Amino acid sequence: MRIDKLLKNKKTVSFEFFPPKEAAQESVLFDTINKLAPLNPDFVSITYGAGGSVAHKTFDWTLKLKDEYKFNSMMHITCYGNNADSLRDICGRIYESGIDNLLALRGDPPKEEGQLLKNNYSYAEELVKFISDNYPGLCIGVAGYPEKHIHAASMKADIENAKRKIDAGGSFIITQLFFDNAFFYRYRDMLAQTGINVPVLAGIMPIVNYKQIIRFTQMCGSTLPPSLVEKFEKATDSDAVKIGEEYAFIQSQDLFAQGADGIHYYTLNRYSSVLNILKRTF
Ligand SMILES: Cc1cc2nc3c(=O)[nH]c(=O)nc-3n(C[C@H](O)[C@H](O)[C@H](O)COP(=O)(O)OP(=O)(O)OC[C@H]3O[C@@H](n4cnc5c(N)ncnc54)[C@H](O)[C@@H]3O)c2cc1C
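Everything numeric in this text was worked out from a predicted model, so none of it was measured.

A. Inspection of the sheet that holds strand 8 (residues 262-266) at higher detail. The parallel closed barrel is built from eight strands, whose spatial order is 1-2-3-4-5-6-7-8. Ignoring strand direction, the axes of neighbouring strands in this sheet form an average angle of 25°. Bridge count between strand 1 (residues 12-17) and strand 8: five bridges; the pairing is parallel. Pairing of F15 across the sheet is with Y265, part of strand 8. Its contacts with the sheet put helix 3 (residues 55-67) on strand 1, strand 2 (43-46) and strand 3 (73-78), and the angle it makes with strand 3 is roughly 170°. The strands touched by helix 5 (residues 124-134) are strand 3, strand 4 (101-105) and strand 5 (139-144); relative to strand 4, the strand with the most contacts, the crossing angle is about 150°.

B. Geometry of the packing of helix 2 (residues 23-36) against helix 3. At a closest axis distance of 13 Å, the pairing of helix 2 and helix 3 adopts a crossing angle of 30°. Taken together, the axes of helix 2 and helix 3 lie roughly parallel to each other. The handedness of the crossing between helix 2 and helix 3 is right-handed. On the side of helix 2, the interface is formed by E26, L29, F30 and I33, while helix 3 contributes K57, W61, K64 and L65. Each residue belonging to the contact of helix 2 with helix 3 can be placed in one class, and the counts come to five nonpolar, no polar and three charged.

C. Expanded view of the side chain of T12. Counting through the fold element by element, T12 comes out in strand 1. Among residues more than four places away in sequence, those in contact with T12 are L6, L7, D42, F43, L201, D261, G262 and I263.

D. Fine view of the pairing of strand 7 (residues 200-204). Strand 7 sits mainly inside the fold: five of its five residues count as buried. The alternating pattern of strand 7 places V200, A202 and I204 and L201 and G203 on opposite faces, both of which are buried. As judged from the three bridges shared by strand 6 (residues 172-177) and strand 7, these two strands associate in the parallel manner. Within strand 7, the position partnered with L177 by the bridge is G203. Crossover handedness for the path strand 6 to helix 7 (residues 181-193) to strand 7: right-handed.

E. Structural detail: the site of the ligand. Taken together, 24 residues surround the ligand, and among them Y48, D108, Y145, H149 and K165 come closest. Interatomic distance of 2.7 Å between a side-chain N/O atom of D108 and an oxygen atom of the ligand. Here a nitrogen atom of the ligand sits 3.3 Å away from a polar atom, N or O, in the side chain of R164. Within the complex, 84% of the 990 Å² of free accessible area of the ligand lies under protein. Put simply, the parts of the chain that give the shell around the ligand at least two residues each are strand 3, strand 4, helix 6 (155-167) and strand 6.

F. Focus on the packing of aromatic side chains. Going through the model one piece at a time under the given rule, you end up with eight aromatic pairs. Ring centres 5.1 Å apart and planes at 45° place the aromatic pair F30 and W61 in the tilted group. Taken together, the positions of F30 in helix 2 and W61 in helix 3 put the pair 31 residues apart, joining distant regions of the chain. By relative accessible area, which is 26% here, F30 ends up partly exposed.

G. Examining the packing of helix 9 (residues 226-234) against helix 10 (residues 237-257) more closely. Between helix 9 and helix 10, the shortest axis-to-axis distance is 10 Å and the interhelical angle comes to 160°. When the axis of helix 9 is compared with that of helix 10, the two are roughly antiparallel. As for the relative orientation of helix 9 and helix 10, their crossing is right-handed in sense. From helix 9, L228, K231 and F232 reach across to helix 10, where they touch A240, I243, G244 and Y247. Considered class by class, the residues forming the contact of helix 9 with helix 10 number five nonpolar, one polar and one charged.

H. Up close: the pairing of strand 6. Within strand 6, six of the six residues are buried, which leaves the element mostly enclosed by the surrounding structure. The pairing of strand 5 with strand 6 spans four bridges and is parallel. Bridging across to strand 6, V142 finds its partner in I173. Crossover connection from strand 5 via helix 6 to parallel strand 6: handedness right-handed.

Criteria and cut-off values
- Residues numbered from 1 in each chain as written.
- Predicted model: local features only at pLDDT ≥ 70, side-chain atom pairs only at ≥ 80, totals over all residues.
- Heavy atoms only, no water.
- Pairing = 2+ DSSP bridges.
- Helix = DSSP H or I, 4+ residues; strand = E, 2+ residues; numbered from the N terminus.
- Axes fitted to C-alpha atoms, helices over the stretch in contact; angles between N-to-C directions.
- Contact = heavy atoms within 4.5 Å.
- Parallel < 35°, antiparallel > 145°, perpendicular 65-115°, else oblique.
- Left-handed = near helix turned anticlockwise from the far one by under 90°.
- Nonpolar A, V, L, I, M, F, W, Y, C, P; charged D, E, K, R; others polar.
- Buried < 20%, exposed > 50% of the residue type's maximum accessible area, 1.4 Å probe, protein only.
- Right-handed = clockwise from strand over helix to strand, strands pointing away.
- Near = heavy atom within 4 Å.
- Polar contact = N/O pair within 3.5 Å; in protein donor to acceptor, adjacent residues only side chain to side chain.
- Areas by Shrake-Rupley, 256 points an atom, 1.4 Å probe, with all protein chains shown as cover.
- Phe/Tyr/Trp six-rings, centres within 6.5 Å; stacked < 30°, edge-to-face > 60°.

Spelled out as structure tokens, the structure:
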């Protein structure tokens, strides 16, 4: 089902997974999916590794989640690793398979230059326009950044970019992870003031490992509040999951209470924190 239609009637809870590289990791993902399935997410999504060894797996997993698990599924797709020819091929297969939703992203530049295809699109806006012009039956989501995209010239420039992506055919926004809900509320207000009225889903990542989250936040430009940093600095590694879960639970409670259009959980292919958060919530 198209996510934009779903969002007309309800606030959503969704889960993001990544395609495993190796067989051993596949069984971890199957286990996670089986544990989370009873929560009946409104949709699930599968990330796309631009030009990487698992890029082709994204479509297969999206289809598997739709056909075998009966999830409403969304495939991520990036400019990097694709041009109009490859997009025609993949979007055609998506459409024919009955997958209704795509998250259109620029992606992060691949480490090896050779992985860039000729005539790659440069920005998500161009990808959104291509999909929307050629596959109007597909519902397109786009990424948004409550703390600004790390390479955007300013918050204003980044909001203008969000507007261009929506004007090109995007029908909802999923945000980058954030750990201070004030950033999300400010972002929502800025979008509304710019005339962007599509649903904005909050991206929440329950932290499972302190070193990992430092790496992630350095890469994506999201910030960790000093009070949370202090908690992790004092904690042992085994306490980290509990601290991360409690923090994401409190964030989620506040977002639900403040009427967020939806929460998109970055699961990292793990189930326990998301399962506990949602069992405590509903
Ligand atoms: C919910 C979510 C899911 C994601 N999933 C994936 C995934 O599956 N695979 C993956 O590789 N990455 C993924 N990412 C990461 C994303 O690809 C990166 O954040 C990437 O750096 C930007 O992607 P974008 O679609 O926001 O790009 P864009 O919207 O194109 O913006 C990229 C940057 O360019 C600037 N910009 C845009 N247009 C112009 C212009 N005309 N001139 C100058 N500057 C411009 C923007 O302000 C911004 O700084 C995800 C991010 C989010 C939030």
